[in-house]
Amino acid sequence: MSQEIRSGSEELSAVQWTGASLALIDQTVLPHRTETMDVRDVDTLVDAIQRLVVRGAPAIGAAGAYGVALALLQGEREGWSADEIRAAVARVREARPTAVNLMVCVDRVMTRFDEGLEAVLEEAAAVQREDVEANRAMGAHGADWLLERVGVERPLRILTHCNTGALATAGWGTALGVIRELHARGRVEVVYADETRPLLQGSRLTAWELAQEGIPHYVQADGAAAGTILRGEVDAAIVGADRIAANGDTANKVGTVGVALACADAGIPFLVAAPTTTVDLATKTGDEIHIELRGEDEVLEWGGVRTAPAGSRGHNPAFDVTPGRLVTGLVTERGVLEVSAGQLPGERLG
Ligand SMILES: CSC[C@@H](O)[C@@H](O)C(=O)COP(=O)(O)O
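Only a predicted model underlies this, so the values are computations on that prediction, with no experimental measurement involved.

1. Quick look at the pairing of strand β7 (residues 236–239)
Regular strands show a simple pattern: their side chains alternate between the two faces of the sheet.
Logical step 1: The side-chain alternation of β7 yields two buried faces, one formed by A236 and I238 and the other by A237 and V239.
Logical step 2: Pairing geometry for strand β4 (residues 156–161) and β7, over 2 bridges, is parallel. Residue pairing across strands places I158 opposite A236, the latter belonging to β7.
Logical step 3: Pairing of β7 with strand β10 (residues 270–273), which is carried by 3 bridges, proceeds in the parallel orientation. When the bridges of β10 are listed, I238 appears paired with L271.

As structure tokens, this is what we get:
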């Protein structure tokens, strides 16, 4: 299905229930093609999550929430038992291992499973609505905190990694939501968008969202980030998260920890913006976070053509863990925790 899709507000929805199916904006083909994928069965949903058709922790949480409804509908069509439907839901829940939002949102909707389809859809819609509300709140908290901390009158130069905008959430965005809020206040000079592995989420998706908003930006190679920061060209970095442990250790897109190290060395703020659904207090430290290892071909090939020598192996972790000691601020819908100064999620968000 091809259509005109516009970013620029929370109206852009990566995940949309149509009444009988789930419409996902196909994030593997943006920005050159704008297509939605109509998902009607669990296998297609699991495949879409794994291929990054839908991606970003809150967006896959919302997709998983509606996945429960898809499993119920498919079970009805194909005569599944309740146990078979639950097994299908478990496959959605496990489609990707690192973003805790997927598990949290599926489990939340499953609390209404016995009440039937209508209740499940009501809960999934609440997941979606609350995510947008959380993003709006984060935008305001993050912008207030950052402007005060950086303490300059001029607009800010911000670096971000991966895509954390409307496409990665139920709407508006987390780290990109903070950037949008700063832009609305006239306080963004430029955004450095790291291009991001494995599917160039930064150069294809973040740049597309920034362009639609008219926010000045550069796309840069991930490997350029540390140098840009150490040259003094950045006032602060803001990223999203896939899972945050009780001690503030943060799993996010591979390459994030290098950004955090460079910020620490340069003495500039490193902010993580994520809703409390991304905070996993049952996980004590980052050592316990399961980091998704993706297929070797994603780093051995370029555009489907083999680039590495025949004998080379690929190492392809999708995420890395930034120690809490490097996280200057954790922005949630409840406010900002100064993690590196000792305000730990496990003590403040319990
Ligand atoms: C608001 S999105 C937060 C994170 O999920 C995001 O920064 C990220 O790492 C996404 O990784 P991806 O592999 O594209 O799903």
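So that's the structure; there's more coming.
2. Description of the site of the ligand
Logical step 1: Not every one of the 17 residues close to the ligand is listed here, only the nearest: R55, R96, D242, N252 and K253.
Logical step 2: R55 places a side-chain nitrogen or oxygen 2.5 Å from an oxygen atom of the ligand.
Logical step 3: In this structure, N252 approaches the ligand through a side-chain N or O atom, which is 2.6 Å from an oxygen atom.
Logical step 4: In isolation the ligand has 420 Å² of accessible area, and contact with the protein removes 99% of it.
Logical step 5: Of the residues in the shell around the ligand, the class split is 6 nonpolar, 7 polar and 4 charged.
Logical step 6: A domain split of the shell around the ligand shows at least three residues from each of domain 1 (15–130) and domain 2 (134–348).

3. Notes on the packing of aromatic side chains
Logical step 1: A complete count under the given rule lists 2 aromatic pairs for this structure.
Logical step 2: Ring centres 5.6 Å apart and planes at 5 degrees place the aromatic pair W17 and Y66 in the stacked group. Here W17, found in strand β1 (residues 15–17), pairs with Y66, found in helix α2 (residues 57–78); they are 49 residues apart in sequence, far enough to count as distant.
Logical step 3: Overall, the relative accessible area of 16% leaves W17 in the buried class.
Logical step 4: Between the NZ or CZ atom of R180 and the centre of the ring of W172, over which it lies, the distance is 5.6 Å.
Logical step 5: Sitting over the ring of F319, K253 keeps its end group 4.8 Å from the ring centre.

4. A word on the UniProt feature "active site" (unreviewed entry) in the chain
Logical step 1: Sequence positions flagged by UniProt for "active site" (unreviewed entry) are, in local numbering, D242.
Logical step 2: Mapped onto the elements of the fold, D242 is located in the loop between β7 and β8 (243–245).
Logical step 3: Judged by relative accessible area, which is 8%, D242 ranks as buried.
Logical step 4: In this view, D242 contacts A57, T98, A99, V100, N101, A251, N252, K253, T278 and F319; residues no more than four positions away in its chain are not counted.

5. Points about the UniProt feature "site: Transition state stabilizer" (unreviewed entry) in the chain
Logical step 1: Per the UniProt record, "site: Transition state stabilizer" (unreviewed entry) is found at C162.
Logical step 2: Mapped onto the fold, C162 is located in the loop between β4 and α6 (175–184).
Logical step 3: Judged by its relative accessible area of 8%, C162 falls in the buried class.

6. Notes on α6
Logical step 1: Counting buried positions along α6 yields 8 of 10 residues, so the element is predominantly enclosed.
Logical step 2: Taken together, the buried positions of α6 are A175, L176, G177, V178, I179, R180, E181 and L182.
Logical step 3: Against α5 (117–150), β4, β5 (188–194), α7 (201–213), β7 and β10 lie the buried residues of α6.
Logical step 4: Looking one or two residues beyond α6, the residue adopting positive phi is G186, at roughly 75 degrees.

7. Examining the sheet that holds β7
Logical step 1: Read across the sheet, 7 strands follow the order β6-β5-β4-β7-β10-β15-β16 without closing on themselves; strand pairing throughout is mixed. Looking at which strands have only one partner, the edges of the open sheet turn out to be β6 (217–220) and β16 (335–337). The average angle at which neighbouring strand axes cross in this sheet is 25 degrees, direction not considered.
Logical step 2: Across the sheet, helix α9 (residues 256–266) touches β4, β5, β7 and β10, and the angle it forms with β10 is around 140 degrees.

Rules of the game
Residues numbered from 1 in each chain as written. Predicted model: local features only at pLDDT ≥ 70, side-chain atom pairs only at ≥ 80, totals over all residues. Heavy atoms only, no water. Buried < 20%, exposed > 50% of the residue type's maximum accessible area, 1.4 Å probe, protein only. Helix = DSSP H or I, 4+ residues; strand = E, 2+ residues; numbered from the N terminus. Pairing = 2+ DSSP bridges. Near = heavy atom within 4 Å. Polar contact = N/O pair within 3.5 Å; in protein donor to acceptor, adjacent residues only side chain to side chain. Areas by Shrake-Rupley, 256 points an atom, 1.4 Å probe, with all protein chains shown as cover. Nonpolar A, V, L, I, M, F, W, Y, C, P; charged D, E, K, R; others polar. Domains from an automatic or database assignment. Phe/Tyr/Trp six-rings, centres within 6.5 Å; stacked < 30°, edge-to-face > 60°. Lys NZ or Arg CZ within 6 Å of the ring centre and 35° of its normal. UniProt positions renumbered as here; feature names shortened; annotations may be inferred. Contact = heavy atoms within 4.5 Å. Axes fitted to C-alpha atoms, helices over the stretch in contact; angles between N-to-C directions.

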